[in-house]
Amino acid sequence: MSSLKIRVPTIAEVREEVKRVFGITPCNFQARDAIAQLERKDCITIARTGSGKTLTFWAPLLFNDNGIIIVVTALNILGDQNVAELARLHISAVNVTGETATDALFKEIEAGQHRAIVVSPEKILNDSRFERLWENKKFTSRLFNISFDEAHCISQWGKKFRPEYADLGRLRWLVPRHVCFHAVSATMPEHILNDVRAKLQMRFDRTTIIRCSNDRPNIYIMVEEMKYPASSAKDLERILRLQVCNVTPPPKFMIFANKRKETESIVEKLWQDLPEDLREKIIWFHSGMSSKFREKAIQQLRDGEVWGFLCTDAAGMGLNLPDVELVIQWRYVASLCTLTQRLGRGGRRQGTNARGIYLVEPQYFDGAKKKVTYGKKRKGRKNGPSSRLKRQKTTTIVLEGVEERGDLRNEEEDDESASEQDENMEEAETQTQASPESGDLPRTPTTLPNPVDVPDEEEYDFIIMDAFINARARGICRREVLDHYFGNRRAGTYLQLILHRAPKDAVLAVEPPDKLKAKRKVNFKNYTMDSHDKSLADALDNWRVEQSKKDGVAEDDFFGAHFILCDEILNRIVSLAHHFKIPTLDDLAAQTSWCFAKDYGSDILKIVKVFFSDTPTPNPPTANNILGQSSLTNTPGPSASNPIDDGNANALIKEKRKRTCKNCGSESHIYYTPSQPPTNYVLNTNLRRSATKIYNHNMTTTLPSADVVLVVSWDIQVYIQTFTR
């Protein structure tokens with residue numbers, strides 16, 4: 001039974017107290033997460049990398065009556081990072097590892113000397129001294145909750161790589177009922193979320209899910225096909241530009257590889273382009289290194305003593321390096337969760353931007369001679385796509401079909417073994433890749449399926465990753481693929497978890513906010529570029545070249561003029577300027593989705609106004625050119641792309657279908673009853689008087705034959721209506 005006396009604070013009280021103690025004002029999701037824990041509910045929080053999920057572990061310590069929390073983490077290095085953070089806040093914490101787990105330490109834990117205990121899944125389940133802690137009523141009465149950092153590992157790693165993750169649900173039966181579970185992650189799509197809450201045995205009546213979007217708009221994502229063999233590492237050399245490192249050092253970077261051996265071999269190849277005195281600026285970083293070396297390397301990167309790492313997942317989750325500007329994923333990775341975690345190491349300091357480059361082998365791209373497709377056989381499966389895939393429910397994201405076939409090449413397993421709990425974690429990525437079989441392979445679906453419609457999780461992940469890699473060729477945005485996979489369109493909701501069927505009194509914990517609609521993008525029909533359009537295109541091309549020189553990236557293959565303003569956005573700006581659709585900076589950003597609109601948008605608008613100053617205003621028609629028509633032949637009305645010719649009345653006449661009276665069906669008049677007559681442009685006093693009678697008396701008054709009323713509405717278009725006896 002719990003001895004803790006907990007008062008549930010308000011959001012304002014949480015923010016005030018956390019600001020006073022930690023010096024940080026928590027966000028809305030952090031405050032609500034803390035309140036959910038203090039209400040003694042299980043809680044799952046999903047938020048982007050770098051958003052401060054770790055603060056949700058420590059905030060309840062300020063309100064839980066001196067309670068104790070246990071944090072289960074994937075990496076020892078993350079535990080050391082958490083202990084150091086709490087030490088600066090004068091909160092006693094300990095990281096229980098193979099080196100520190102002594103009998104003396106467990107006596108301190110049993111006596112309640114440490115309020116935060118960080119431990120690995122293997123240690124908390126297999127160490128018999130933890131079993132004695134569960135039997136100690138004095139300790140368990142002060143135990144507030146158990147938190148799981150990087151909770152997606154419970155599903156992804158628990159199957160093969162680290163099976164203890166799948167057994168963490170056993171803690172439900174070892175700790176008292178008052179101890180709640182708290183799980184956080186940046187990468188928890190729906191099928192992983194369902195698996196995690198099932199493994200942790202989270203009940204619907206005591207669980208709250210806080211879901212935020214994990215999109216990182218400050219990270220510019222690029223997917224590039226490798227131009228050279230992977231063994232040469234020349235693709236990395238052309239990005240880092242090590243040949244000119246004496247003049248311009250590369251930005252602070254992290255390059256992720258799937259295996260430890262790859263990190264070492266790539267570093268040795270990169271060293272060949274460096275002077276001997278600069279080779280220590282690039283180092284490898286993986287779980288095979290000693291903990292002291294890794295701590296020293298992280299501090300060197302923070303201080304700028306090294307340029308960057310070649311690393312594995314030992315640096316891929318939770319590690320807080322705030323000013324990394326460039327993150328590269330080297331070679332194909334099977335899981336979009338892993339890719340998102342790795343690219344999320346960049347741009348973590350508020351107000352900073354980063355670039356994330358995914359370098360992929362050619363065989364994963366559409367159009368490859370032997371394109372990799374998912375080819376894992378199932379029992380009882382007939383030739384061709386499964387019948388379930390044919391009936392699948394899909395989103396509105398449409399992809400082009402892919403007909404190429406091929407075998408999926410298996411990556412060789414790293415045969416090294418290690419005793420540390422976080423060693424060789426790069427093998428997890430290799431183990432999650434599909435194992436191909438010969439025979440007929442299914443076609444790549446033409447739409448993105450929902451996870452419930454693809455029972456094989458590996459196949460579903462393969463389909464999503466294939467769409468992400470080939471998104472540009474298929475005409476979709478990569479962030480749309482990410483939003484679909486991670487459920488970002490449901491972000492911002494705070495809801496009561498329902499596992500199977502909710503009781504009648506189950507309600508939303510907090511009403512979801514209203515969705516803000518983005519400004520609709522305008523589309524244009526094909527048009528012929530005139531001299532103004534071509535001149536504007538040339539001016540924009542010259543501007544991006546000059547701007548790239550100012551930024552010092554003019555000669556870079558990746559970060560040159562086309563990176564600042566690619567051809568696609570340049571052509572879009574020309575089309576918008578031709579149709580006078582970008583009068584303001586907000587319009588430019590909304591219509592182009594240009595990531596540098598705020599930085600360079602004002603310069604672009606100045607260039608546009610040189611060639612397209614203002615939207616032309618149509619001139620009103622004259623009586624002579626209207627009455628001179630033998631019949632009222634309609635032509636398109638004025639627009640920015642079709643300026644008005646003063647001598648041509650047809651330019652002011654809008655083509656429209658015949659209109660009839662809704663009462664009698666006659667084509668000679670229409671039924672129209674406005675509250676007041678509109679401002680009319682009429683030919684003489686008699687016609688003005690007749691028009692007023694028509695509007696006021698609901699078309700009951702007839703006009704002399706051949707009388708014509710010209711009604712002009714400048715707010716919408718130009719109309720001409722004829723009334724005859």
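Note that this is a predicted model, so its numbers are computed, not measured.

Visitor: Just give me the short version of a negative patch on the surface, but keep the residues and values in it.
Guide: Together, E276, D277, E280, D303 and E305 give the surface a local cluster of negative charge. Looking at where D277 falls in the secondary structure, it is placed in the loop between α13 (260–271) and β10 (282–285). Exposure remark for D277: the relative accessible area of 58% places this residue in the exposed category.

Visitor: Could you give an account of the layout of surface pockets, with specific residues and numbers?
Guide: When its volume is computed, the second largest pocket comes out at roughly 1,400 Å³. As for the second largest pocket, its lining consists of 47 residues, and the residues nearest its centre are G50, G52, E85, N320 and R348. Listing elements by their share of the lining of the second largest pocket, those giving two or more residues are α3 (55–58), α4 (76–88) and α14 (291–303). Ranked by residues supplied to the lining of the second largest pocket, first place goes to α4 with nine residues. In the lining of the second largest pocket, the residues fall into 16 nonpolar, 18 polar and 13 charged. Two domains each provide a minimum of three residues to the lining of the second largest pocket, namely domain 1 (11–211) and domain 2 (219–366).

Visitor: I'd like a description of the packing of helix α5 (residues 103–110) against helix α7 (residues 128–135), backed by residues and values.
Guide: One can describe the packing of α5 onto α7 by two numbers: an axis separation of 11 Å at closest approach and a directional angle of 20 degrees. Considering the angle they form, α5 stands roughly parallel to α7. Where α5 crosses over α7, the handedness of that crossing is right-handed. Packed against α5, whose contacting residues are D103, F106, I109 and E110, the element α7 presents R129, F130 and L133 at the interface. For the contact of α5 with α7, the class distribution of residues is four nonpolar, no polar and three charged.

Visitor: Please provide a residue-by-residue account of the pairing of strand β9 (residues 253–256), values included.
Guide: Of the two faces of β9, the one carrying F253 and I255 and the one carrying M254 and F256 are both buried. Note that β9 and strand β11 (residues 308–311) share four bridges and pair parallel. Across the sheet, residue I255 finds its bridge partner in β11, namely L310.

Visitor: Hey, could you go over the sheet that holds strand β8 (residues 219–225) for me, with residue numbers and the actual values?
Guide: Ordered by their spatial adjacency, six strands build an open sheet running β8-β13-β12-β9-β11-β10, and the pairing between neighbours is parallel. Where the open sheet ends on each side, the last strands, each with one partner, are β8 and β10. When the angles between neighbouring strand axes are averaged without regard to direction, this sheet yields 20 degrees. Where β10 lies against β11, four bridges are found, and the strand directions are parallel. Bridging across to β11, I283 finds its partner in F309. Most of the contacts of α13 go to β10, to which it runs at about 175 degrees, and overall it touches β10, β11 and β12 (326–330). Contacts from helix α18 (residues 457–469) reach β8 and β13 (354–360) within the one sheet, and its direction differs from that of β13 by about 110 degrees.

Visitor: Tell me about the packing of aromatic side chains, residues and numbers included.
Guide: Under the definition given, this model contains 16 aromatic pairs. Aromatic pair W157 and Y165: ring centres 6.1 Å apart, planes at 75 degrees, arrangement edge-to-face. The residues W157 and Y165 share a single accessibility class, namely buried. Ring plane angle 80 degrees and centroid distance 4.9 Å describe the contact between Y485 and F486, whose orientation is recorded as edge-to-face. The same class applies to Y485 as to F486, namely buried.

Visitor: Can you explain unusual backbone geometry? Please cite residues and give values.
Guide: When glycine is set aside, most residues are seen to have a negative phi, and most peptide bonds are trans. The residue N66 is not glycine, and still its phi comes out positive at about 65 degrees. On the secondary structure map, N66 appears in the loop between α3 and β2 (68–72). Even without being glycine, R241 reaches a positive phi, approximately 55 degrees. Along the chain, R241 turns up in the loop between α12 (234–240) and β9.

Visitor: Lay out the confidence of the model for the protein in plain terms, naming residues and giving numbers.
Guide: Predicted confidence across the protein gives a mean pLDDT of 76, with 69% of residues reaching 70 or more. The low-confidence segment residues 493–516 (pLDDT under 50) makes 38 contacts with residues lying over four places distant or belonging to another chain. In this model, residues 673–685 is a region of pLDDT below 50 whose contacts with residues beyond four sequence positions or in other chains number 19 contacts.

Visitor: If you had to explain the packing of helix α22 (residues 567–578) against helix α23 (residues 585–592) to someone new, which residues and values would you point to?
Guide: Contact pair α22 / α23: the axes reach a minimum separation of 10 Å and the direction vectors enclose 125 degrees. By the criterion of interaxial angle, the relationship of α22 to α23 is oblique. In the crossing of α22 with α23, the sense of the turn from one axis to the other is right-handed. Of α23, the residues touching α22 (which contributes I569, R572, I573 and L576) are L588, Q591 and T592.

About the cut-offs
All chains use their own residue numbering, which begins from 1 and follows the written sequence. The predicted origin of the model limits local features to residues at a pLDDT of at least 70 and limits the giving and counting of side-chain atom pairs to 80 or more, whereas totals for whole chains, interfaces and linings rest on all residues. Water and hydrogen atoms play no part in the side-chain values, which are based on all heavy atoms of the structure. Here a patch means residues that are over 30% exposed by relative accessible area and free of salt bridges, tied together within 9 Å if like-charged and within 5 Å if nonpolar (Val, Leu, Ile, Met, Phe, Trp, Tyr). Accessibility throughout is a Shrake-Rupley quantity obtained with a 1.4 Å probe, and a residue counts as covered only by protein chains that appear here. Between Lys or Arg on one side and Asp or Glu on the other, a salt bridge is scored when a side-chain nitrogen of the former is within 4 Å of a carboxyl oxygen of the latter. A positive count includes Lys and Arg, and a negative count includes Asp and Glu. His and the chain ends are not counted in either. By convention, the charge on Lys lies at NZ, on Arg at CZ, on Asp at CG and on Glu at CD. Each helix corresponds to a stretch of at least 4 residues labelled H or I by DSSP, and each strand to a stretch of at least 2 residues labelled E; elements are numbered beginning at the N terminus. Partly exposed describes any residue whose relative accessible area lies between the buried limit of under 20% and the exposed limit of over 50%, with all areas from a 1.4 Å probe on protein chains only and scaled to the type maximum. As defined here, a cavity is a set of points on a 1 Å grid over the protein atoms alone where a 1.4 Å probe fits but cannot get out. A pocket is an open set with protein on both sides within 12 Å along at least five of seven lines, and residues line them when an atom is within 4 Å of a point. Grid points are joined across faces, edges and corners, and a volume is the space filled by probe spheres set on the points. Under the convention adopted here, Pro, Cys and the residues Ala, Val, Leu, Ile, Met, Phe, Trp and Tyr are nonpolar, Asp, Glu, Lys and Arg are charged, and Gly plus all remaining residues are polar. How far each domain reaches was decided by an automatic or database domain assignment. Axis definition: a line fit to C-alpha positions, over the contact stretch in the case of helices; interaxial angles, taken between N-to-C directions, run 0 to 180 degrees. Relative orientations are named as follows: roughly parallel for angles under 35 degrees, roughly antiparallel for angles over 145 degrees, roughly perpendicular for angles from 65 to 115 degrees, and oblique for any other angle. Crossings are assigned a handedness: left-handed for a near helix turned anticlockwise from the far helix by less than a right angle, right-handed for a clockwise turn. Any two residues whose heavy atoms approach within 4.5 Å are treated as being in contact. Paired strands, in this sense, are two strands between which DSSP finds at least two bridges. Stacked, tilted and edge-to-face pairs are distinguished by plane angle, under 30 degrees for stacked and over 60 for edge-to-face with tilted covering the rest, among Phe, Tyr and Trp rings (Trp via its six-membered ring) whose centres lie within 6.5 Å. A score between 0 and 100, pLDDT records how confident the predictor is in each residue.

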